[in-house]
Amino acid sequence: MDVIVIGGGISGVATAYQLSAAGHRVCVVERHATVAQGATYGDGGVLLPSPLDAWFGPTFMRERQALDSGIVYKPGLNGQVRRFVKRLADLQAPDAFVAQYARLQPLVDASRETLASLEAEFGLEFEQKTGVLHVVRDERDWDALQPALELLRTLELPHQTLTAAECAALEPSVPAEPPFAGGVLLETERAGNCPLFTKLLKQMLDERDVQFRFGAEVAALRIDGGRAAVELAPARGDRRAAKSREVDVIAADAIVVAAGAGSVALLERLGWALPLHPLRFHTLTAPLAYEEHAPRFTIVDSVRRIAMSRTHRRLRIGGGGVLQSAQDTARPLAEPLAETALALLGQAAHDWIPGSAKISAALSWQGIKLLSPDGLPVVGPTPHPRIFTNFGHGPAGWGLACGSAKVVADCLGAEPGWPADTLAALRAGRFLS
């Protein structure tokens, strides 16, 4: 089959790989000049979400103040934002959290297997490192985290529950004073360089004759009977094309929408309104200050969802989400809000790994990622048999995109082989019924 993949981030490139491996002819359409230039560029580094840091559950936005939740929550008078957060809050109850994570777990497992297969087959080196240490400051937060810890035990995920003193002994960059509630070491979980991984995957696709059309923005999707097509917007600055009545259209047997934050608008033009919400995500990339103070493990503030990961001579700190109305998110972020978000990241580094990096010399980045009100991505078939999706993974776990790509390829081949409740929980139709 001829398949068009919209988006050159990790979701789109991973999807192109799986489709190519299944024997399809693939063209990736990307509005930037190369891959990994959007939200993928600013990824925080942790490969896969765990029960401790999925973007839903007992500790996610339990408090509404930025210093407590790690999210700068500015809904204003927008009722849609408040309803969105309320739906996520329904997943804080232990039973609801466990049931929802059970729907996500097959995707986590598939992503882990897919990543391992890619690394083994191609010997990929993308600055990956093993060991993620989750730390929790407050005793109340530690108590709230217990359903996630119980789920770790139920799933038999390798981990160690540690006191503050044990955390400091295991990871000398973390000070035991001031005292904190404790930590959890996920011994086999990993972090890496997501943009580098995406570019390596793109190199392999070049060898497989996968086409990439860069600098091309999709204006609309067209569906007509048994075929589907993408309509491209005129190139920026091309006045002649903008005035022309001719439209650049590429037809295919199937289309996969993996355009990150731009995915919702494309599907809305087909009449499919999905209640995913944009979250402005931040990262700081700072040079190491002292080698001896640099963390050996990736450190994650579990409650604030802030990840601190070392890559060579740099420290990347990701988090500091800003949750506003969609209209406000579409505009440049007000300077006070940007300062608040970046201050959360700097404070996390100061609290958990003081002296590790030169925060004053850090480069900052911000970009948009999509969150769904049920905490799960939008993956697989849509109401039209020629349109598929792979987006909405949120900030936690870029590796999920690789497992999601396998779901898309399997569904397109009409042999999913996935648990029915997982497919039902992931597909776009769950919001359209």
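The structure contained in this document is the topic of the report that follows. Because the structure is predicted, anything quoted here is derived from the model rather than measured. (Residues numbered from 1 in each chain as written. Predicted model: local features only at pLDDT ≥ 70, side-chain atom pairs only at ≥ 80, totals over all residues. Heavy atoms only, no water.)

**Digging into the nonpolar core**
Ranked by size, the top nonpolar core spans 83 residues in total, and within it F56 and F197 carry the most contacts. Of all the elements, helix α13 (residues 400-412) adds the most residues to this core, at 9 residues. In terms of nonpolar packing, the next biggest core, distinct from the first, is built from 32 residues, L162, A286, L315 and L337 among them. (Core = buried A, V, L, I, M, F, W, Y, C linked by side-chain atoms within 4.5 Å. Buried < 20%, exposed > 50% of the residue type's maximum accessible area, 1.4 Å probe, protein only. Helix = DSSP H or I, 4+ residues; strand = E, 2+ residues; numbered from the N terminus.)

**Here's the deal with the sheet that holds strand β2 (residues 25-30)**
The 6 strands lie next to each other as β7-β2-β1-β11-β18-β17, forming an open sheet whose pairing is mixed. Edge positions in the sheet fall to β7 (211-214) and β17 (378-381), since each has one partner strand and no second. With strand direction ignored, the average angle separating the axes of adjacent strands in the sheet is 20 degrees. Across 3 bridges, the pairing between strand β11 (residues 254-257) and strand β18 (residues 387-391) is parallel. Across the sheet, V257 pairs through a bridge with T389, a residue of β18. Running at roughly 165 degrees to strand β1 (residues 2-6), helix α1 (residues 10-21) makes contact with β1, β2, β11 and β18 of the sheet. (Pairing = 2+ DSSP bridges. Axes fitted to C-alpha atoms, helices over the stretch in contact; angles between N-to-C directions. Contact = heavy atoms within 4.5 Å.)

**A word on the pattern of salt bridges**
According to the stated counting rule, one finds 18 salt bridges in the structure shown. For R190, the salt bridge goes to E119, with nearest N and O atoms at 2.6 Å. With R190 in strand β6 (residues 182-191) and E119 in helix α4 (residues 94-122), this residue pair connects regions lying 71 residues apart in the sequence. The pair R190 / E119 is uniform in exposure class, with both members buried. Note that D253 is salt-bridged to R227, the shortest N-O span being 2.6 Å. Of the two residues, D253 sits in the loop between β10 (248-252) and β11 while R227 sits in strand β9 (residues 227-232), which places them 26 residues apart along the sequence. When its relative accessible area of 18% is taken as the criterion, D253 is described as buried. On the basis of relative accessible area, R227 is assigned to the partly exposed category, the value being 38%. (Salt bridge = Lys/Arg side-chain N within 4 Å of Asp/Glu carboxyl O.)

**Here we look at the side chain of S263**
As for its placement among the helices and strands, S263 is situated in helix α10 (residues 263-268). The exposure class of S263 is buried, given its relative accessible area of 0%. Polar contacts involving the side chain of S263 include one to the main-chain carbonyl oxygen of G260, which spans 2.9 Å. (Polar contact = N/O pair within 3.5 Å; in protein donor to acceptor, adjacent residues only side chain to side chain.)

**Topic: the packing of α4 against α13**
Put simply, α4 and α13 touch, their axes get as near as 7 Å, and they point 100 degrees apart. One way to sum up the angle between α4 and α13 is to call them roughly perpendicular. Contact residues: L104, L107, V108, A110, S111, T114 and L115 in α4; L400, C402, G403, S404 and V407 in α13. Grouping the amino acids of the contact of α4 with α13 by side-chain chemistry returns 8 nonpolar, 4 polar and no charged. (Parallel < 35°, antiparallel > 145°, perpendicular 65-115°, else oblique. Nonpolar A, V, L, I, M, F, W, Y, C, P; charged D, E, K, R; others polar.)

Scope: geometric values only; no functional claims are made or implied.
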